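Each chain, written out:
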Amino acid sequence: MDFWQKLLALDRRIIFVFVALALVIPLFFTAPPGFLKKIDISSPVKSLYDYVEKLPPGSKVMIAFDYDPPTTPELQPMAISFLKHCFLKDLDVIMIGLWPQGPVQAQFAMEMDILTDEKIKAKNLQYGVDYVNLGFQAGNEFVILRMGSDIAAAFPVDYFGTRTRELPLMKDVKNFDNIRLVYNISAGYPGTYEWVIFAGDRFGVKIAGGNTAVQYPHVSPYLQTGQLVGLLGGMQGAAAYEKVSGYFGKATKYMFSQAVSHAMVVFFIILGNLAYFITRGRKT
Amino acid sequence: MRREIPILIAIVVGFVYVIAFFVPHPPLNKFQDWGNDWIQIIAGFAIVLGVLNLLKVSLEKVYKKSQGWGYAVIIIIGFLIMTAAGLFFSGGKNYQNPGTPFYDIFFNIYFPLNATMFAILAFFVASASYRAFRARNKEATLLLLAAIFLMLGRTPLGDYMSSWAGDWQLKNISDWIMDFPQTAGQRAIMIGIALGIISTSLRVITGLERTFVGGE
């Protein structure tokens with residue numbers, strides 16, 4: 001067995017080691033100058049940013065945290081940069097989750113990144129007045145349908161056990177008619193697909209999405225039809241929103257690592273094809 | 001009667017939900033709200049049922065010493081620890097509040113373990129890409145090229161590598177792949193699925209489809 005044949009039958013553990021190095025090493029280095037400038041702000045990202053920019057202060061924005069820890073590296077930065085944008089624009093934020101661990105993700109974002117930010121601290125945000133976390137509710141798309149008539153009926157108590165109707169922010173919020181935008185951050189079912197069908201199409205509320213890179217192609221057709229105001233896809237989408245909103249967080253940092261690892265995978269694909277063509281037709 | 005009553009419920013609820021979609025006025029919308037409340041309650045109980053079923057299956061596995069019973073032991077221990085932490089050691093606070101043992105275990109153990117499981121996928125995807133993306137024929141070559149364009153075009157690296165190429169930059173090629181062939185294919189799949197859902201739903205609410213209550 002010559003070199004190329006050995007390469008063709010390369011032990012997958014060798015690939016694992018190279019991919020691990022490509023992922024980990026860039027995390028210890030700063031991206032080269034100009035790298036951040038090259039992060040592309042796609043039109044779905046820009047349109048979401050523009051929509052939020054145009055909302056008057058005091059507008060109610062709902063964020064549905066429909067994901068759990070496995071997809072945190074991709075989706076949490078989307079939540080953080082969007083939350084920061086909303087609070088800096090003085091928008092009122094209602095957080096919910098159709099995934100059991102979604103509201104916990106919302107709490108993590110608030111405690112670790114939002115309430116510790118100097119610019120946000122200056123806003124002196126009050127729970128119940130400027131933002132609420134209504135927690136998790138089982139029932140998937142039927143919860144969305146119920147919210148269409150009465151949000152407090154779908155979420156009778158918040159994350160901390162306070163009655164939803166007693167929260168000052170929720171006093172003027174009956175249903176989707178009082179919400180200017182629903183931003184769904186999702187890693188699967190229920191997710192953006194369900195929000196578009198059961199909230200956007202049924203009740204006319206504006207929907208935007210933040211999805212994993214794997215999920216993005218499934219919901220991107222809704223962009224061309226105008227059923228989505230905007231859409232962030234994967235780490236790239238999260239980094240683009242950070243860039244457009246002027247806040248450089250984890251997504252921007254991780255992009256360098258992702259770029260190097262992608263290059264490594266492409267290198268292996270090319271190497272594999274080279275070995276395939278060189279050894280093709282040979283008898284082993 | 002065990003089959004007829006569930007079928008009758010499905011027919012009535014199905015028709016009311018369809019009509020309420022187009023005529024969202026009383027009494028249909030009230031009926032729909034009532035139905036949605038019921039679904040939320042049932043879904044809540046389904047979660048409890050699911051957890052108890054997992055516990056039952058795990059206990060059986062340990063009792064019978066079936067293959068992989070060691071993992072079942074971990075499930076049972078994890079279940080007991082989390083339940084006890086949430087119910088008895090929250091110090092009068094909501095168990096989800098920062099500082100409670102439940103919160104600490106969730107954040108420091110469950111969270112990184114769960115994230116690690118998903119992160120491992122990256123390595124398998126890389127290894128699978130190495131073996132699967134071979135230019136064996138026309139279709140495989142197209143798939144291979146699309147993968148390379150997307151992997152490079154979706155990161156700033158693509159910009160570095162192709163900034164000289166004008167309109168043919170990797171970023172533009174990957175955008176074109178996503179906006180046209182991908183969207184067209186995805187839309188075809190979505191329309192196909194929607195038609196399938198409509199035909200199956202029609203069969204259920206007209207009583208023709210009865211497999212959901214068991215039997216043929």
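No experiment lies behind these values; they were computed from the predicted model shown.

Peer 1: I would appreciate a short explanation of the overall build of chain B in the present structure.
Peer 2: Check the secondary structure of chain B and you find 7 helices and 0 strands. The order of helices and strands in chain B, counted from the N terminus, is α-α-α-α-α-α-α. Each of the 216 residues in chain B was classed as buried or not, and the buried ones make up 15%.

Peer 1: Explain the nonpolar core here, please?
Peer 2: Nonpolar side chains tend toward joint burial in soluble globular proteins. Core analysis: the biggest nonpolar cluster contains 101 residues, and Ile63(A), Ala79(A), Met95(A) and Val182(A) have the highest contact counts within it. Among residues more than four places away in sequence, those in contact with Val182(A) are Met62(A), Ala64(A), Trp195(A), Ala199(A), Val205(A) and Ile207(A).

Peer 1: What am I meant to see in unusual backbone geometry here?
Peer 2: Negative phi characterises most residues that are not glycine, and trans characterises most peptide bonds. Geometrically, the link from Tyr189(A) to Pro190(A) is a cis peptide bond, its omega value of -15° lying close to zero. The residue after Pro26(B), namely Pro27(B), is reached through a cis peptide bond having omega 0°. Along the chain, the position of Pro27(B) falls in the loop between helix 1 (4–22) and helix 2 (28–64).

Peer 1: Would you take a moment to explain the domain arrangement of chain B for this structure?
Peer 2: Many authors give the size of an interface as the accessible area that is lost as the parts come together. All names here are of chain B. Looking at the assigned domains, one finds that chain B contains domain 1 (1–64) and domain 2 (133–216). Centre-to-centre separation of domain 1 and domain 2, based on C-alpha positions: 33 Å. Of the residues that constitute the side of domain 1 that touches domain 2, the class distribution is 5 nonpolar, 1 polar and 1 charged.

Peer 1: Help me out: how do you make sense of the interface of chain A and chain B in this one?
Peer 2: Listed as interface residues are 45 residues of chain A and, on the opposing side, 44 residues of chain B. Counting only elements with at least two residues in the side of chain A that touches chain B, the list comes to helix 2 (12–24), helix 5 (102–114), helix 7 (141–149), helix 10 (216–219), helix 11 (221–224) and helix 13 (250–279) of chain A. Across the side of chain A that touches chain B, the residue classes break down as 25 nonpolar, 14 polar and 6 charged.

Peer 1: Whenever I open this one, the packing of helix 2 of chain B against helix 3 (residues 69–88) of chain B confuses me. Can you help?
Peer 2: To describe two helices that pack against each other, one gives the angle between their axes and the distance between the axes. All names here are of chain B. Direction vectors running N to C along helix 2 and helix 3 enclose 135°, while the axes themselves pass 8 Å from each other. If you check the angle between helix 2 and helix 3, you find them oblique. As for the relative orientation of helix 2 and helix 3, their crossing is left-handed in sense. Taking contact as the criterion, the partners of Leu 54, Leu 55, Ser 58, Leu 59, Lys 61 and Val 62 in helix 2 are, on helix 3, Trp 69, Ala 72, Val 73, Ile 75, Ile 76 and Phe 79. The residue inventory of the contact of helix 2 with helix 3, partitioned by class, reads 10 nonpolar, 1 polar and 1 charged.

Peer 1: Whenever I open this one, the packing of helix 2 of chain A against helix 13 of chain A confuses me. Can you help?
Peer 2: Residue and element names in this part refer to chain A. Relative orientation of the contacting elements helix 2 and helix 13 amounts to 155°, with a least axis distance of 7 Å. Relative to helix 13, the element helix 2 is oriented roughly antiparallel. Crossing geometry of helix 2 relative to helix 13 is assigned as right-handed. Between helix 2 and helix 13, the contacting residues are Ile 15, Phe 18, Val 19, Ala 22 and Leu 23 on the first element and Ser 257, Val 260, Ser 261, Met 264, Val 265 and Phe 268 on the second. Of the residues assigned to the contact of helix 2 with helix 13, the class counts are 9 nonpolar, 2 polar and no charged.

Peer 1: So what exactly am I meant to see when it comes to the domain arrangement of chain A here?
Peer 2: Residue and element names in this part refer to chain A. Domain annotation of chain A identifies domain 1 (1–30 + 251–284) and domain 2 (40–248). Centre-to-centre, using C-alpha coordinates, domain 1 lies 37 Å away from domain 2. Here the residues of the side of domain 1 that touches domain 2 sort into 3 nonpolar, 2 polar and no charged.

Peer 1: Would you mind showing me how to read the sheet that holds strand 5 (residues 207–211) of chain A here?
Peer 2: The strands that make up a sheet are held in pairs by hydrogen bonds between backbone atoms, and each pair lies either parallel or antiparallel. Residue and element names in this part refer to chain A. Spatially, 6 strands are ordered 3-2-1-4-5-6 in an open sheet, and the strand pairing comes out parallel. The sheet terminates laterally at strand 3 (131–136) and strand 6 (231–233), the two strands that pair on one side only. With strand direction ignored, the average angle separating the axes of adjacent strands in the sheet is 15°. Sheet topology note: the strand 2 (residues 92–97)/strand 3 ladder contains 4 bridges and is parallel. Along strand 3, the bridge assignment pairs Met 95 with Asn 133.

Peer 1: Looking at this structure, how should I read helix 2 of chain B?
Peer 2: For an α-helix, the turn length of 3.6 residues means that residues three or four places apart are oriented alike. Over its 37 residues, helix 2 of chain B extends 52 Å from the first C-alpha to the last, a length consistent with the 54 Å expected when each residue adds 1.5 Å. Burial in helix 2 of chain B covers these residues: Gln32(B), Asn36(B), Ile39(B), Gln40(B) and Ser58(B). In the core, the buried residues of helix 2 of chain B are packed alongside helix 7 of chain A together with helix 1 and helix 3 of chain B. Looking one or two residues past helix 2 of chain B, Lys65(B) carries a phi angle of roughly 50°, positive in sign.

The rules behind these values
Residue positions are given per chain, counted from 1 along the sequence in the order it is written. Chain letters and ligand numbers both follow the written order, the letters beginning at A and the numbers at 1. Given that the model is predicted, a residue must reach a pLDDT of at least 70 before its local features are reported, and side-chain atom pairs must reach 80 or more before they are shown or counted; all residues, however, enter totals for whole chains, interfaces and linings. Think of it this way: any DSSP run of H or I at least four residues long counts as a helix, any run of E at least two long counts as a strand, and we number them from the N terminus. Residues with at least 20 other C-beta atoms within 10 Å of their own are called buried, those with 12 or fewer are called exposed, and the rest are partly exposed. The C-beta atoms themselves are positioned from the backbone. Linking buried Ala, Val, Leu, Ile, Met, Phe, Trp, Tyr and Cys residues through C-beta atoms within 7 Å yields a set, and such a set is a nonpolar core. By the convention adopted here, residues are in contact when the distance between their C-beta atoms, placed from the backbone, does not exceed 7 Å. Where each domain starts and ends comes from a domain assignment, either automatic or drawn from a database. When residues are grouped by polarity, Ala, Val, Leu, Ile, Met, Phe, Trp, Tyr, Cys and Pro land in nonpolar, Asp, Glu, Lys and Arg in charged, and all others, Gly among them, in polar. Throughout, an axis means a line fitted to C-alpha atoms (over the contacting stretch in the case of helices), and angles, computed between N-to-C directions, take values from 0 to 180 degrees. These descriptions rest on fixed angle ranges, namely under 35 degrees for roughly parallel, over 145 for roughly antiparallel, 65 to 115 for roughly perpendicular, and the rest for oblique. Helix crossings are classified by the rotation of the near helix relative to the far one: an anticlockwise turn of less than a right angle makes the crossing left-handed, while a clockwise turn makes it right-handed. Note on pairing: DSSP must find at least two bridges between two strands before they are called paired. By this rule, a helix spans an expected 1.5 Å times one less than how many residues it contains.

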